[in-house]
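Notes for the structure review
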2 protein chains.
Amino acid sequence: MQRRRFLTQAAAATGAGLAAVGLPAVAQNAPTVRWRMSTGWPKSLDALYGSADELCRRVGELTGGKFEIRAFPGGEIVPYAQNMEAVSNGTVECNHVLATAHIGTNTAIAFDTGLSFGMNARQHNAWIQFGGGMEKLREMYGQYGITNFVTGNVGVQMGGWYRKEIKSLKDLDGLKIRVGGIGGMVLQKLGAVPQQIPPSDIYPSLEKGTIDAAEWIGPYDDERLGLNKVAPFYYSPGWWEGSASITTMVNTEAWEKLPAEFKAAFEAAANEQALRMLAAYDAKNPPALRSLIAGGAQLKYFPKDVMEAAYKASQELWGELSEENPDFAKIYPEWKKFQEAEASWFRVAENALDNFTYSEVLKRS
Amino acid sequence: MQRRRFLTQAAAATGAGLAAVGLPAVAQNAPTVRWRMSTGWPKSLDALYGSADELCRRVGELTGGKFEIRAFPGGEIVPYAQNMEAVSNGTVECNHVLATAHIGTNTAIAFDTGLSFGMNARQHNAWIQFGGGMEKLREMYGQYGITNFVTGNVGVQMGGWYRKEIKSLKDLDGLKIRVGGIGGMVLQKLGAVPQQIPPSDIYPSLEKGTIDAAEWIGPYDDERLGLNKVAPFYYSPGWWEGSASITTMVNTEAWEKLPAEFKAAFEAAANEQALRMLAAYDAKNPPALRSLIAGGAQLKYFPKDVMEAAYKASQELWGELSEENPDFAKIYPEWKKFQEAEASWFRVAENALDNFTYSEVLKRS
């Protein structure tokens, strides 16, 4: 695992793109600030791109139009894999990404997006907002000149689209699968051959048979990418992240030049999108899943031996990453303790009521 | 069920408390707007009161201090049961409440807080934000001169504190239990005697034995109220709301006088608290539950016959309320359809992964 550090570039690019700003302390009299936001998404992924756009619009509304952020579709400013470096070196002031695409830079970034069999969206937000998680992540990102924000979450993902059925663990052997981040590292331990492919290239790769399987997010986005048209088996659950949190990385020098009111506007708009994006997915996924199944997608669940082997491989991986990466080692013990506390409490009330209610409601419907 | 309409009072009190405002369209040049927020909470319930306070602070930060909202502890301006009327008639510009305390005014208010065996916090937020729920609620609240906002959620609650064990359905017979809103109506069908008691009076009532049982919220708040000291059995889950959403009702005339930037600030701050309050509860409940159990609380689950009878009684109740209240009848069919769609999707991915992960994580810990 290559651990590139962007420190040099970040230092060299001090204030790039910000030279004209020089803000006084009071927003009222501040000149307009203009930021660019590079995203990881084509506009067609409107739940993700739309949330980025809404964040920018809200910041504008909250500042009387004085703090303008403009979102750009994936690839327009920099390629998918360079969204982190672009913020670090000041090419753009901020981005809107699945940070896990950058674990090649630092495996501890996985704690930002989510670990396999990790915390669900609510638990992750609890850790970020009130469990010390944000402070830990800020410390880690700090070495790249980045200040991170949670700007969304997609919830638990689906396990992706497969050209052949996965009947047991051995069917993963040699399977070429498009999968992001930590999931790829775990699947590699199980014999699969993970591929990192940006969202817009997934469909053609699966269609041509360059890969055997591909996961992107869930019903709503997968349908928009058309993945159901090129592989029949749709597996659940996407265990590679307990939930996938969306990150906006901000260039720290740009951040620190903002007046307090603009900072408050950005923070409030970020937290608002942490709620709104998840709500959008939760509203859009149910009809999309129905439509996919009506169109012929075959819904399957990963066999028990796959789930168990993946869980075991994940635990091994946390041990290895803790040994090789001090940043990972610094976050993992507290993260793990938090997850255990969440699991014991969620099982008592939330999960007990969810299980009962789903069973009754689906009996009724 | 008495259905009081506040229309007359609201009309008579046009602009009360707002006479001095008269805002121009642009916030920049607007004079300071000052609002009062009556809450349902003593300051000691710091997760609820703290969130109300944070909302007010954020609105201030976002408007350069020009839109000041001040939160008041429960009972300081009006009694618990009058928080809705106080907004409707303009005594205060807004409140911060469990709206279900006001189902005596309109049973359709239950859709705002949550129904028994209803949607969990994420599903409720999906319905509110993207499922048409907010529009339906706004129409209902409109007749009281109120514009409603979701400003928090406490998640699934606990089932409360009991002086005696509940071994089967018949142990509910004649049980005097403090329970808010819809839960009381369902428990009454099961033979219990529900009591509406404001949070600050729950402890003395349970201590004196005026009541046999009491539910408030969950581990963190219940420990702060000291309920563990006056009843030994702590039941789960609090099935009377799939999740309990917190509402801020705003006097519509006051709302409409706000400049666009102040409205945006209020909306963003409300959505931020919808995320932050839930995250706070999710972070604070696990250690509180541990501490309660360490202190002698006996964790129990409602017997199967209680859960099943409560589910059945709830379905009957929705039929009855739909017949007697056109507002309930207008919202229920769409709400039900949305819940069914959510249940089918959540069971496929979220719930499947939650169940597996909790089981493995708790095995590990």
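Parameters at a glance
Residues numbered from 1 in each chain as written. Chains lettered and ligands numbered in written order. Predicted model: local features only at pLDDT ≥ 70, side-chain atom pairs only at ≥ 80, totals over all residues. Heavy atoms only, no water. Axes fitted to C-alpha atoms, helices over the stretch in contact; angles between N-to-C directions. Helix = DSSP H or I, 4+ residues; strand = E, 2+ residues; numbered from the N terminus. Parallel < 35°, antiparallel > 145°, perpendicular 65-115°, else oblique. Left-handed = near helix turned anticlockwise from the far one by under 90°. Contact = heavy atoms within 4.5 Å. Nonpolar A, V, L, I, M, F, W, Y, C, P; charged D, E, K, R; others polar. Expected span 1.5 Å × (residues − 1). Buried < 20%, exposed > 50% of the residue type's maximum accessible area, 1.4 Å probe, protein only. pLDDT = per-residue confidence, 0-100. Buried area = accessible area lost by both parts, 1.4 Å probe. Salt bridge = Lys/Arg side-chain N within 4 Å of Asp/Glu carboxyl O. Polar contact = N/O pair within 3.5 Å; in protein donor to acceptor, adjacent residues only side chain to side chain. Pairing = 2+ DSSP bridges. Domains from an automatic or database assignment. Phe/Tyr/Trp six-rings, centres within 6.5 Å; stacked < 30°, edge-to-face > 60°. Lys NZ or Arg CZ within 6 Å of the ring centre and 35° of its normal. Least-squares fit on C-alpha atoms with pLDDT ≥ 70 in both. Core = buried A, V, L, I, M, F, W, Y, C linked by side-chain atoms within 4.5 Å.

**Focus: the packing of helix α2 (residues 46–62) of chain B against helix α11 (residues 260–294) of chain B**
All names here are of chain B. It is at 9 Å that the axes of α2 and α11 come closest, and there the two elements cross at 150°. One finds that α2 runs roughly antiparallel with respect to α11. Between α2 and α11 lies a crossing of right-handed hand. Taking contact as the criterion, the partners of Ala47, Leu48, Ser51, Glu54, Leu55, Arg58, Val59 and Leu62 in α2 are, on α11, Glu261, Ala265, Phe266, Ala269, Ala270, Glu272, Gln273, Arg276, Met277 and Tyr281. In terms of residue class, the contact of α2 with α11 is made up of eleven nonpolar, two polar and five charged.

**Description of helix α14 (residues 350–364) of chain A**
Between its first and last C-alpha, α14 of chain A extends 21 Å over 15 residues, near the 21 Å set by a 1.5 Å rise per residue. Regarding α14 of chain A, the residues found buried are Glu350, Asn351, Leu353, Asp354, Phe356, Thr357, Tyr358, Glu360 and Val361 of chain A. Considering only its buried residues, α14 of chain A is in contact with α5 (121–130) and α13 (326–348) of chain A together with α5 (121–130), α12 (304–324), α13 (326–348) and α14 (350–364) of chain B.

**Focus on the confidence of the model for chain A**
All names here are of chain A. On average, residues of chain A score 92 in pLDDT, and 92% of them are at 70 or above. Here residues 1–26 scores under 50 on pLDDT; set against residues more than four positions off or in separate chains, the count is 61 contacts. Across the assembled chains, the prediction reports ipTM 0.92 with pTM 0.92.

**Describing the interface of chain B and chain A**
Contacts between the two partners involve 82 residues from chain B, matched on the other side by 82 residues from chain A. Regarding the contact of chain B and chain A, the summed buried area is about 7,200 Å², with carbon and sulfur atoms giving 63% of it. It is Trp345, Tyr358 and Arg364 of chain B in chain B that bury the most area against chain A; as a group they hold 11% of the surface buried on that side. Across the pair Arg58 of chain B and Glu267 of chain A runs a salt bridge, and its minimum N-O distance is 3.3 Å. Counting across the chain B and chain A interface gives 21 residue pairs in polar contact (both at pLDDT 80 or more). Counting residues per element, the ones that place at least two in the side of chain B that touches chain A are α2, α5, α11, β11 (298–301), α12, α13 and α14 of chain B. For the side of chain B that touches chain A, the element with the highest residue contribution is α11 of chain B, accounting for 19 residues. The residue inventory of the side of chain B that touches chain A, partitioned by class, reads 39 nonpolar, 23 polar and 20 charged.

**A few points about the pairing of strand β9 (residues 233–236) of chain B**
All names here are of chain B. Residues of β9 alternate between two faces, with Phe233 and Tyr235 on one and Tyr234 and Ser236 on the opposite face, all of them buried. Relative to β9, strand β5 (residues 160–162) is paired through three bridges, and the arrangement is antiparallel. Counterpart to Tyr162 in the pairing with β9 is Phe233. As defined by bridge partners, β9 adjoins β11 across four bridges and the pair is classed as parallel. Counted as the bridge partner of Tyr235 is Lys300 from β11.

**Points about the pattern of salt bridges**
Following the criterion strictly, the structure yields 38 salt bridges over all chains and no others. Where Glu139 of chain A meets Lys330 of chain A, a salt bridge forms, and the shortest distance between an N and an O atom there is 3.0 Å. Of this pair, Glu139 of chain A sits in helix α6 (residues 133–142) while Lys330 of chain A sits in helix α13; the two residues are 191 residues apart in sequence, bridging distant segments of the chain. By relative accessible area, Glu139 of chain A is classed as partly exposed at 47%. Overlapping salt bridges, with partners in common, bring together Arg58, Glu61 and Glu272 of chain A together with Glu267 of chain B in one network.

**What about the domain arrangement of chain A?**
All names here are of chain A. On domain assignment, one finds that chain A holds domain 1 (21–154 + 243–283) and domain 2 (160–240 + 287–324). One C-alpha centre belongs to domain 1, the other to domain 2, and the line joining them spans 26 Å. Contacts between the two partners involve 21 residues from domain 1 and, on the opposite side, 22 residues from domain 2. Taken together, both faces of the contact between domain 1 and domain 2 bury some 1,800 Å²; the carbon and sulfur share is 70%. Of all residues in domain 1, Leu45, Ser116 and Phe117 bury the most surface against domain 2, accounting for 35% of the area lost on that side. In this structure, the connection of domain 1 to domain 2 is made through one salt bridge. Between Arg224 and Asp46 there is a salt bridge, with the nearest N and O atoms lying 3.6 Å from each other.

**Side note on the packing of α14 of chain A against α13 of chain B**
One way to put it is that α14 of chain A packs onto α13 of chain B with a least axis distance of 9 Å and a crossing angle of 120°. The chirality of how α14 of chain A crosses α13 of chain B is left-handed. Taking contact as the criterion, the partners of Thr357, Tyr358, Ser359, Val361, Leu362 and Arg364 of chain A in α14 of chain A are, on α13 of chain B, Tyr332, Lys336, Gln339, Glu340, Ala343, Ser344, Phe346 and Arg347 of chain B. Here the contact of α14 of chain A with α13 of chain B is built from residues that sort into six nonpolar, four polar and four charged.

**Some remarks on the packing of aromatic side chains**
Using the criterion set out here, one finds 44 aromatic pairs over all chains in the structure. Measuring from ring centre to ring centre gives 6.3 Å for Phe356 of chain A and Tyr311 of chain B, while their planes differ by 75°; the resulting arrangement is edge-to-face. Taken together, the residues span two chains, with Phe356 of chain A in helix α14 and Tyr311 of chain B in helix α12. Accessibility classification places Phe356 of chain A together with Tyr311 of chain B in one group, the buried group. Plain terms: the ring middles of Tyr235 of chain B and Phe302 of chain B are 5.2 Å apart, the flat faces sit at 20° to each other, and that makes the pair stacked. Taken together, the residues span a long stretch of sequence, with Tyr235 of chain B in strand β9 and Phe302 of chain B in the loop between β11 and α12 at a distance of 67 residues. You'll find Tyr235 of chain B and Phe302 of chain B in the same group, each marked buried. Joined through ring pairs, the aromatic side chains of Phe117, Tyr162, Tyr235, Trp239, Trp240, Phe302 and Tyr311 of chain A together with Phe356 of chain B make up one cluster. One cation-aromatic arrangement involves Arg36 of chain A over Phe72 of chain A; the distance from NZ or CZ to the ring centre is 5.9 Å. The residue whose ring lies beneath Arg138 of chain B is Phe149 of chain B, and the NZ or CZ to ring-centre distance is 4.7 Å.

**Examining the relation of the copies chain B and chain A**
Note on the identical chains: chain B maps onto chain A by a rotation of 180° and an axial translation of 0.0 Å, with an RMSD of 0.0 Å. On the angle and the small slide along the axis, the relation comes out as a two-fold axis. If distances are taken from each C-alpha of chain B to the rotation axis, the shortest is found for Glu272 of chain B, at 2.4 Å. A high fraction, 100%, of the interface residues of chain B reappear at the interface in chain A, so the copies pair face to face through one surface.

**Here's the deal with the nonpolar core**
Counting 245 residues, the largest nonpolar core has Trp35 and Trp216 of chain A together with Trp35 and Trp216 of chain B as its most contacted members. If you look at the next biggest cluster of nonpolar residues, it comprises eight residues, including Leu62, Ala264, Ala265 and Ala268 of chain A.

**Notes on the sheet that holds β11 of chain B**
In a beta sheet, neighbouring strands pair by backbone hydrogen bonds and run either parallel or antiparallel. Residues and elements named next belong to chain B. One open sheet holds the six strands; their spatial order is β7-β6-β8-β5-β9-β11, and the pairing between them is mixed. Strands at the two margins of the open sheet, each flanked by one partner only, are β7 (193–195) and β11. The sheet contact formed by β5 and strand β8 (residues 213–214) spans two bridges and is antiparallel. By the bridge assignment, Tyr162 is partnered in β8 with Ala213.

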